[in-house]
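Descriptive structure summary
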2 protein chains.
Amino acid sequence: MLSNASKYAIRAVLFLAEKSEMHQKYSAVEIAEALEIPNHFIAKLLQQLAKNHIISSTKGPNGGFYLNAKNLQLKVCDILNVIEIKKVFEGCFLGLPKCSDVNPCPVHHVVAGFREKILVKFEHQTIQEFADEVKLKGTFISHKGLSPSI
Amino acid sequence: MLSNASKYAIRAVLFLAEKSEMHQKYSAVEIAEALEIPNHFIAKLLQQLAKNHIISSTKGPNGGFYLNAKNLQLKVCDILNVIEIKKVFEGCFLGLPKCSDVNPCPVHHVVAGFREKILVKFEHQTIQEFADEVKLKGTFISHKGLSPSI
DNA sequence: TATAAAAAATACTAAATAGTATTATATTAA
DNA sequence: TTAATATAATACTATTTAGTATTTTTTATA
């Protein structure tokens, strides 16, 4: 459903959001290591996000990527609009050109419920709120260091 | 989430299921036209399904593809196991390697509900039952002939 | 002001998915 | 037994996504 690029980008932004209180910056390499994702790939994605003002960056020594107050008020959808070409959550699960409540495909109603939920989250919840929720609930944006047996 | 190949294959099998009472056979070309999908592409998929005994076929004049009683008792998952290389509904929505109820990603619980529903349907409902449901509910496996404005 | 650290830009290669074209084989029926 | 029809098999091309490598630019600081 999401491309690897989008998955990496969302996790990277959540990583930066979690760290944003400390006002520290993180290099692409540090982020790649923390999330166990390809170094050069995430660097390119972060650059795209920075260019589109979804995240912030400064060059040079002690530079890196970070989120400012404005960035923290953006939504996951703002990330996806930069990374993903096509609208991810549009498009019928079975590929019908005009699938809708009126002309539903055989799984339309099963999918529609999920789509609604995830769309509300990604369109309305701010990155700040999302990151707070991650902290509160103790969910994971990386499995680094997790016991290999689990 | 599903590849085009899987989408086409599921719709083609539902098409054949709907027609199975008439004991008529349908050529790849006829199926392609009815579902408005690429001719050669669906032909190749139908051949794969036939080779794996998911659907039935006979060559020659008046030949074509059809479903026998045994085929009608199969599940959508049986189709996917032939067409799709990787398990479609495994794998974390955000790409975490060990996402689970124990180590959930930030959207795990939103996704898990949907995944459960669609998986139950695709694993347990027979093609026959699925096709009956399509007929009963009047859902669409093609939008061919639908007014272009809708 | 030279150096090093970091993003930014550019240009690739590789792999997976999507789709097309051609030829061979089987079967029916005239 | 020949012609027509349809699947089966094989071999492609094109596009998208994923990932890598290299060079340029900016900037802090020694």
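Before any of the text, the structure's been laid out above.
Residues numbered from 1 in each chain as written. Chains lettered and ligands numbered in written order. Predicted model: local features only at pLDDT ≥ 70, side-chain atom pairs only at ≥ 80, totals over all residues. Heavy atoms only, no water.

A look at the protein's contact with DNA strand D
Surrounding DNA strand D, one finds 29 residues, the nearest of these being Asn4, Phe41 and Pro61 of chain A together with Ser27 and Ser57 of chain B. At a separation of 2.8 Å, a phosphate oxygen of DNA strand D approaches a polar backbone atom of Asn4 of chain A. For the surface near DNA strand D, the elements supplying multiple residues, two or more each, are helix 1 (4-19) and helix 3 (39-51) of chain A together with helix 3 (39-51), strand 1 (56-58) and strand 2 (64-66) of chain B. Top element by residues in the surface near DNA strand D is helix 3 of chain B. It accounts for four residues. Class assignment for the residues of the surface near DNA strand D results in eleven nonpolar, twelve polar and six charged. (Near = heavy atom within 4 Å. Polar contact = N/O pair within 3.5 Å; in protein donor to acceptor, adjacent residues only side chain to side chain. Helix = DSSP H or I, 4+ residues; strand = E, 2+ residues; numbered from the N terminus. Nonpolar A, V, L, I, M, F, W, Y, C, P; charged D, E, K, R; others polar.)

Quick word on the protein's contact with DNA strand C
Within the structure, DNA strand C sits among 29 residues, and Ser27, Gln47 and Ser57 of chain A together with Asn4 and Pro61 of chain B are positioned closest to it. For DNA strand C, the backbone portion of the atoms within 4 Å of the protein, that is sugar and phosphate, comes to 65%. Take Lys44 of chain B: an N or O atom from its side chain is 3.0 Å from a base oxygen of DNA strand C. Asn62 of chain B places a polar side-chain atom, nitrogen or oxygen, 3.4 Å from a phosphate oxygen of DNA strand C. For the surface near DNA strand C, the elements supplying multiple residues, two or more each, are helix 3, strand 1 (56-58) and strand 2 (64-66) of chain A together with helix 1 (4-19) and helix 3 of chain B. Along the lines of polarity and charge, the residues of the surface near DNA strand C split into eleven nonpolar, twelve polar and six charged.

Points about the relation of the copies chain B and chain A
The operation relating the two chain copies consists of a rotation about an axis and a shift along that axis. The operation relating chain B to chain A is a screw motion whose rotation component is 180 degrees, with 0.0 Å of axial translation and a residual RMSD of 0.0 Å. In the structure described here, the two chain copies are related by an operation that fits a two-fold rotation axis. It is Met1 of chain B whose C-alpha, among those of chain B, lies nearest the rotation axis, at 2.2 Å. Taken as a fraction of all interface residues of chain B, those also at the interface in chain A reach 100%, which identifies the copy contact as same-surface. (Least-squares fit on C-alpha atoms with pLDDT ≥ 70 in both. Contact = heavy atoms within 4.5 Å.)

Overview of the pattern of salt bridges
Charged atoms that come close allow side chains of opposite charge to pair. A complete count under the given rule lists four salt bridges over all chains for this structure. The partner of Lys135 of chain A in a salt bridge is Glu21 of chain A, with the nearest N and O atoms 3.7 Å apart. Taken together, the positions of Lys135 of chain A in helix 7 (residues 127-137) and Glu21 of chain A in the loop between helix 1 and helix 2 (28-35) put the pair 114 residues apart, joining distant regions of the chain. By the burial criterion, Lys135 of chain A is exposed, and Glu21 of chain A matches it. Between Glu133 of chain B and Lys121 of chain B there is a salt bridge; the shortest N-O distance is 2.8 Å. Of this pair, Glu133 of chain B sits in helix 7 (residues 127-137) while Lys121 of chain B sits in helix 6 (residues 108-124); the two residues are twelve residues apart in sequence, bridging distant segments of the chain. Of the two residues, Glu133 of chain B and Lys121 of chain B, both sit in the buried class. (Salt bridge = Lys/Arg side-chain N within 4 Å of Asp/Glu carboxyl O. Buried < 20%, exposed > 50% of the residue type's maximum accessible area, 1.4 Å probe, protein only.)

As for unusual backbone geometry
All names here are of chain A. Of note, Glu36 is a non-glycine position whose phi angle comes to about 55 degrees, a positive value. Tracing the chain through its elements places Glu36 in the loop between helix 2 and helix 3. One non-glycine residue, His53, adopts positive backbone phi at about 60 degrees. A relative accessible area of 62% means that His53 is categorised as exposed.

Considerations on the packing of aromatic side chains
Applying the stated criterion across every chain, the model contains nine aromatic pairs over all chains. An angle of 85 degrees between the planes, with centres 6.1 Å apart, marks the rings of Phe114 of chain A and Phe93 of chain B as edge-to-face. Placement of the pair is Phe114 of chain A in helix 6 (residues 108-124) and Phe93 of chain B in the loop between helix 5 (76-83) and helix 6, with the two residues belonging to separate chains. Across the pair, exposure class does not vary: Phe114 of chain A and Phe93 of chain B are buried alike. Between Phe15 of chain B and Tyr26 of chain B the ring centres are 5.2 Å apart and the planes differ by 80 degrees, which places this aromatic pair in the edge-to-face class. Of this pair, Phe15 of chain B sits in helix 1 while Tyr26 of chain B sits in the loop between helix 1 and helix 2 (28-35), and the two are eleven residues apart along the sequence. Each member of the pair Phe15 of chain B and Tyr26 of chain B is classed as buried. Joined through ring pairs, the aromatic side chains of Phe93 and Phe114 of chain A together with Phe93 and Phe114 of chain B make up one cluster. When the ring centre of Tyr66 of chain B is taken as reference, the NZ or CZ atom of Lys25 of chain B above it lies at 5.5 Å. (Phe/Tyr/Trp six-rings, centres within 6.5 Å; stacked < 30°, edge-to-face > 60°. Lys NZ or Arg CZ within 6 Å of the ring centre and 35° of its normal.)

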